Amino acid sequence: MPTIQDFQSPITPTWCPGCGDFAIWTAIKQALVQEGFGPMDVALCFDIGCNSNMADKINAYVFKGLHGRVIPLASGISLANKNLPVIAIAGDGGTFDEGMHHFIHAIRSDYNITLILHNNCDFGLTTGQATPTTPIGQKMNSTPFGVVESRLNPTQLALTLGASFVAKAFTGNVTQLISLIRDGIQHKGFSYIEVLQHCPTYNNFQDHKWIAERVYDVKTNNHDTSDLQKAMSLADYSQEKIATGILFKAPNSKDYLNKLDYRKDYKGNLKDEVKKYSIKELAHSFT
Amino acid sequence: MKDRIVIQITGAAGFGIKTSGLVITKALKRAGYYTFGYTEYPSLIRGGHNIFQIDISTQEFASVSNKLHVLLALDQNSIDLHALEIEEKGVLIYDEETCTINDQIRVELDRKKIETFPLKLLDLAQGVGGSGIMKNTVTLGALWSVLDQDIEILNTMIKEIFSHKSEEIINLNLACIKTGYDALKSKKESFDLKPSTDVNVKNKMIISGNEAIGLGAIACGVRLYSSYPMTPASSILSFLATEGSKQGMVVKQAEDEITAANMVIGASFAGTRAMCATSGGGFDLMTESLSLAGMTETPFVVVLAQRPGPATGAPTWTAQSDLNLALYGGHGEFPRIVLAPGDTEECFKMTAEAHNLAEKFQTPVILLTDKYLGESFYETDILSENDISIDRGLLLNPSTIEDKESANKLRYQINESGISERWLPGDKIATFLANSDEHTEKGYSTEDAEPIADMVNKRTNKYQSILQSVPEPEMFGDELKSSEVLIISWGSNKRVIIDAQNSLRKEGIKTAFMHVNYIWPLKGLFIAKMIADAEQVVIFECNSTGQFAKLLESETGLKLENRVLKFDGRPFYIEEVINSLKNYIS
């Protein structure tokens, strides 16, 4: 059986003391161990940002790509090898600014990947600029007079796009986060897990304590995860409390590859199908 | 008898011009002629002016002429724009129910002794029980009659095209062919077109460059094709969506070119063969990802189908102005391979070769084509998977590796060739990090001076390895030492130059031609030697700045001032190449 030590990298993390990334780092490794996966059984894909400085702090098959582009990268891996659990790790800046359309279309396509979205409401690595999830009025390094743009609600956006799995977590509850990552891996389709986290250096407006005081697990309220309308209202910024846990899970969803009728007779993986194919008949149709 | 007869079918977009043109091209091939089909159309779906030009010859060729002998005009615009372009003693077939010839044009047609054949298309179609949409079929019969060809060949084509339709529809179309054919049977003057005696002609394919690339992709085991539509690359997407999927290829229309590129990189990293295609603007969006593939040493194949730029440019026309983009697009320094196929056979083979090179050298490969190559219809020997091979380079098979041996493997191990062993996520070999950041042999990020320089060196060393494995440019025509001129060109100009050489040879003019299709890395030493041995050198390319000529200059250190450049969206016409060459010949 794999252990958490198997995922140990010789590289020491560089996150600021108190950063939520430590908790997510631990939870990912724990979830994989609990699922029975070793470092060579998974593909972890990283974006660019503080979150993705995790890339060489975890021993596994890893691809660290370009800022904002981790979703199509991870999708490509999953399409080529559907047996491989593929986890994409990204932040609110890269995903909802530069890579927003990837998020939208990956949800529509329902690739079988799990997106762990670090939401700290700021750009950390570039020293504290606003992201689409920074609240209106907040003064940031790039907005000394306060953010004037409306605040994006990624959870609601995912839900309106028809996401098949939408969950919210908080770095203050690692046990719940581990369980959600496991659920996300098990779900066949695009699993969106938004993790609320504190940025001790640049986010003093919604710190660990602020989030901790507001979160609750929807399980305690017997939330029906197939109720889309309820999920939409739970995710609304107007709610006094922040709902965490699985907010929505589509009862009968199919991931992208399973939606392709022309692949129904192909049981294997694209990676194992590279060989010469006959074009004899097709070539003849051009004569 | 003429060497070549040129037919144009012209009319508004949405008239089925391309379909008609392809039917006639294929039927002429089956009648034993060499053909070349070339399309011109604007960036509109309906209403714009479309042209399908068919050049016919009894000798092997693949190029377009700017002469016109037979015009099938399907709307008034076609007469107004093209009637005066018809050569003396040519033919004009037109629909007299919808078009008129004004007095000014009439006088000119008479002076040039052009035969005009007015047809009442709707009347003829309805006369045999057909509808308005069958007017096209009537015109095919009429054109076939003017060309003095056996109606049975055309009938067979019609039966094949409509094979999935009811017998009633098939019979109606056959009746339309016959009525069009008979309408001109007693009137026309013979064109004296003798088919080729080469029986192989009848078995050739009529295929576009994009379709040949699609066939190559299927044959060489591409299992994921991800692309965003962009003219003139879109027909690869639609071809593979229909034909690739029949063999289980996943064909994904991505939300943009950045997605397409990253998806291909991911799929390739995970071990399948994947590919994308675009034109200049889309390639601009892909360049960051190109750099990622270079950095992470991930095989990456992209087709860059050129059209005139900058910006949106002339979207449905042709150019060779993105050579510099292919050579230099993407930040940082990383090895890349640029291939520029010259015809459909090369499109097919080089698509497979692009995947072999991408896997052998673990770096991006750009297949540089253009609208003219991608969307023209070449008469091509049957393409077969037997003519390609699959080489996956240093891809390890995990089942043959000892555990003890595998634990120490480093994915980016530094060696002289620059090429390390490669394996896949999920393999029980050794974990690694494909890292966008500069990295160590394991893949961990590094910012230390020595490892940065070492890894840059490792990747750069691939250039020498690649250069040793790619072939020298192919020479065509006469021996260099007996030639008055050495022609150098690249990509899709290949066949028109060969045709011009054949024509000049009949006048006693000898020329040598170097066709460069392995553009980068460049076989500079070989090329420099050829240039040094040549009496004079002329370079042909479809751009305004001589991008390839400048590349040759920088790689050979020689001055190359004789440049024939064309940048009006049209390909080189055979006459232009002949006349340009004559300027350099004493």
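Rules and cut-offs
Residues numbered from 1 in each chain as written. Chains lettered and ligands numbered in written order. Predicted model: local features only at pLDDT ≥ 70, side-chain atom pairs only at ≥ 80, totals over all residues. Helix = DSSP H or I, 4+ residues; strand = E, 2+ residues; numbered from the N terminus. Rg over C-alpha atoms; globule rule 2.2 N^0.38 Å. Buried ≥ 20, exposed ≤ 12 C-beta atoms within 10 Å, placed from the backbone. Contact = placed C-beta atoms within 7 Å. Expected span 1.5 Å × (residues − 1). Domains from an automatic or database assignment. Nonpolar A, V, L, I, M, F, W, Y, C, P; charged D, E, K, R; others polar. Axes fitted to C-alpha atoms, helices over the stretch in contact; angles between N-to-C directions. Left-handed = near helix turned anticlockwise from the far one by under 90°. Core = buried A, V, L, I, M, F, W, Y, C linked by C-beta atoms within 7 Å. Pairing = 2+ DSSP bridges. Right-handed = clockwise from strand over helix to strand, strands pointing away. pLDDT = per-residue confidence, 0-100. Parallel < 35°, antiparallel > 145°, perpendicular 65-115°, else oblique.

### Description of the overall build of chain A
Tallying secondary structure elements over chain A gives 10 helices and 10 strands in all. Radius of gyration (C-alpha) of chain A: 20 Å, near the 19 Å computed for a compact globule of 287 residues. Dimensions along the principal axes, computed over C-alpha positions, put chain A at roughly 70 × 45 × 40 Å. The buried share of chain A, reckoned over its 287 residues, is 53%. Expressed as a percentage of contacts within chain A between residues at least 6 apart in sequence, the contacts between residues at least 24 apart total 72%.

### Focus on the overall build of chain B
Scanning chain B from terminus to terminus reveals 20 helices and 21 strands. For 586 residues, the compact-globule estimate of 2.2 N^0.38 gives 25 Å, and the C-alpha radius of gyration of chain B, at 26 Å, lies within 12% of that figure. Expressed as a percentage of its 586 residues, the buried residues of chain B come to 55%. Nonlocal contacts in chain B, meaning residues at least 24 apart in sequence, comprise 77% of its contacts between residues at least 6 apart.

### Re the environment of B:K159
All names here are of chain B. Tracing the backbone shows K159 in helix α6 (residues 151-161). K159 gets classed as partly exposed once you count the C-beta atoms within 10 Å, which come to 14. Between the alpha carbons of K159 and N171 there is a distance of 8.7 Å; along the sequence they are 12 residues apart.

### A word on helix α17 (residues 494-506) of chain B
All names here are of chain B. Given a rise of 1.5 Å per residue, 13 residues ought to cover 18 Å, and the 19 Å separating the end C-alpha atoms of α17 matches this to within 8%. Among all positions in α17, only K494, R495, V496, I497, I498, D499, A500, Q501 and L504 are buried. On its buried side, α17 packs onto β16 (474-477), β17 (485-490), β18 (511-516), β20 (537-541) and α20 (574-583).

### Observations concerning the domain arrangement of chain B
All names here are of chain B. Along its sequence, chain B is organised into domain 1 (4-203), domain 2 (206-387), domain 3 (398-469) and domain 4 (474-583). Computed over C-alpha atoms only, the centres of domain 1 and domain 4 are separated by 35 Å. Taken together, the six residues of domain 1 in the interface contact seven residues of domain 4. Looking at the side of domain 1 that touches domain 4 residue by residue, the class counts come to three nonpolar, three polar and no charged.

### Observations regarding the packing of helix α1 (residues 17-30) of chain B against helix α5 (residues 135-146) of chain B
Residue and element names in this part refer to chain B. Running from amino to carboxyl end, α1 crosses α5 at an angle of 30°, the nearest separation of the two axes being 11 Å. The chirality of how α1 crosses α5 is right-handed. Facing S20, V23 and I24 of α1, the residues of α5 in contact are N136, T139, L140 and L143. Residues belonging to the contact of α1 with α5 are distributed by class as follows: four nonpolar, three polar and no charged.

### As for the nonpolar core
Within the largest apolar cluster, 252 residues are counted, with the highest numbers of intra-cluster contacts made by A:C45, A:I77, B:V264 and B:L339. Leave out the neighbours within four places in its chain, and B:V264 touches A:G76, B:L224, B:S226, B:A274, B:M275, B:C276 and B:F300.

### Section: the sheet that holds strand β13 (residues 364-370) of chain B
All names here are of chain B. An order of β9-β8-β10-β11-β13-β12-β19 is seen for the seven strands of this open sheet, with the pairing classed as mixed. The sheet is open, and its two edges are formed by β9 (250-253) and β19 (518-520), each paired on a single side. Each adjacent strand pair in this sheet contributes to an overall mean axis angle of 20°, direction not counted. Pairing of strand β8 (residues 222-227) with strand β10 (residues 273-278) involves three bridges; the strand directions are parallel. The residue of β10 that forms the bridge with Y225 is M275. Across the sheet, helix α10 (residues 257-269) lies against β8, β9, β10 and β11 (300-306), angled at about 165° from β10, the strand it touches most.

### Here we look at the pairing of strand β7 (residues 205-208) of chain B
All names here are of chain B. Side chains of β7 alternate between two faces, with M205 and I207 and I206 and S208 buried alike. One ladder, built from four bridges, connects β7 with strand β14 (residues 377-380); its direction is antiparallel. Looking at the pairing, S208 lines up with F377 of β14.

### As for the interface of chain A and chain B
Of the residues lining the interface, 47 residues belong to chain A; the matching set on chain B comes to 54 residues. Looking at the side of chain A that touches chain B, the elements that each hand over two or more residues are β2 (61-64), α2 (70-80), α4 (100-109) and α10 (280-284) of chain A. Ranked by residue count, the leading element in the side of chain A that touches chain B is α2(A), at eight residues. The residue makeup of the side of chain A that touches chain B, split by class, is 27 nonpolar, 10 polar and 10 charged. Bridge analysis of β2(A) against strand β15 (residues 433-435) of chain B gives three bridges, and the strand direction is parallel. Note that in β15(B) the partner of A:K64 across the bridge is B:N435.

### Remarks on the sheet that holds strand β21 (residues 563-565) of chain B
Residue and element names in this part refer to chain B. Ordered by their spatial adjacency, five strands build an open sheet running β16-β18-β17-β20-β21, and the pairing between neighbours is mixed. The sheet is open, and its two borders are formed by β16 and β21, each paired with just one other strand. When the angles between neighbouring strand axes are averaged without regard to direction, this sheet yields 25°. Of the pairings in the sheet, the one linking β20 to β21 comprises three bridges and is parallel in character. Across the sheet, residue E541 finds its bridge partner in β21, namely L565. Of the strands in this sheet, β17, β20 and β21 touch helix α19 (residues 547-556), which is tilted by about 135° from β20.

### Some words on the pairing of β9(B)
Residues and elements named next belong to chain B. Bridge analysis of β8 against β9 gives four bridges, and the strand direction is parallel. The partner of S226 across the bridge, within β9, is K252. Crossover β8 to β9 through helix α9 (residues 234-243) is right-handed.

### Considerations on the environment of A:K188
Residue and element names in this part refer to chain A. Within the fold, K188 resides in the loop between α6 (174-186) and β8 (191-196). C-alpha of K188 to C-alpha of I113: the two residues are 75 residues apart in sequence and 8.0 Å apart in space. In contact with K188, not counting residues within four places along its chain, are N112 and D255.

### A few points about α19(B)
All names here are of chain B. For α19, every residue scored as buried is listed here: Q547, F548, A549, L551 and L552. Looking at the buried residues of α19, the elements they touch are α12 (323-328), β17, α18 (524-533), β20 and β21. Note on α19: the residue one or two positions beyond its end, G557, has a positive phi of about 75°.

### Re the confidence of the model for chain B
When the pLDDT values of chain B are averaged, the result is 95; 98% of them are 70 or greater. Scored by ipTM, the complex comes to 0.98, with pTM at 0.97.

### Observations regarding the environment of B:E576
Residue and element names in this part refer to chain B. Inspection of the secondary structure puts E576 in helix α20. Residue classification places E576 among the partly exposed positions, given that 18 C-beta atoms sit within 10 Å. Spatially, the C-alpha atom of E576 lies 9.7 Å from that of V496, the residues being 80 residues apart in sequence.

### Notes on unusual backbone geometry
Look at the link from B:T231 to B:P232: it is a cis peptide, with omega at 5°. Looking at the element boundaries, B:P232 is found in the loop between β8 and α9. The omega torsion of the bond from B:G309 to B:P310 falls at -5°, within 30 degrees of zero and hence cis. Relative to the assigned elements, B:P310 resides in the loop between β11 and α12. Within the chain, A:C121 stands out as a residue other than glycine whose phi angle is a positive 60°. Within the fold, A:C121 resides in the loop between β4 (114-119) and β5 (122-123).

### Observations concerning the packing of helix α1 (residues 21-34) of chain A against α6(A)
Residues and elements named next belong to chain A. The N-to-C vectors of α1 and α6 enclose an angle of 50°; their axes lie 8 Å apart at closest approach. Viewed along their axes, α1 and α6 adopt a mutual orientation that is oblique. As for the relative orientation of α1 and α6, their crossing is right-handed in sense. The residues of α6 that touch α1, namely those facing A23, T26, A27, I28, Q30, A31 and Q34, are V174, L177, I178, I181, R182 and I185.

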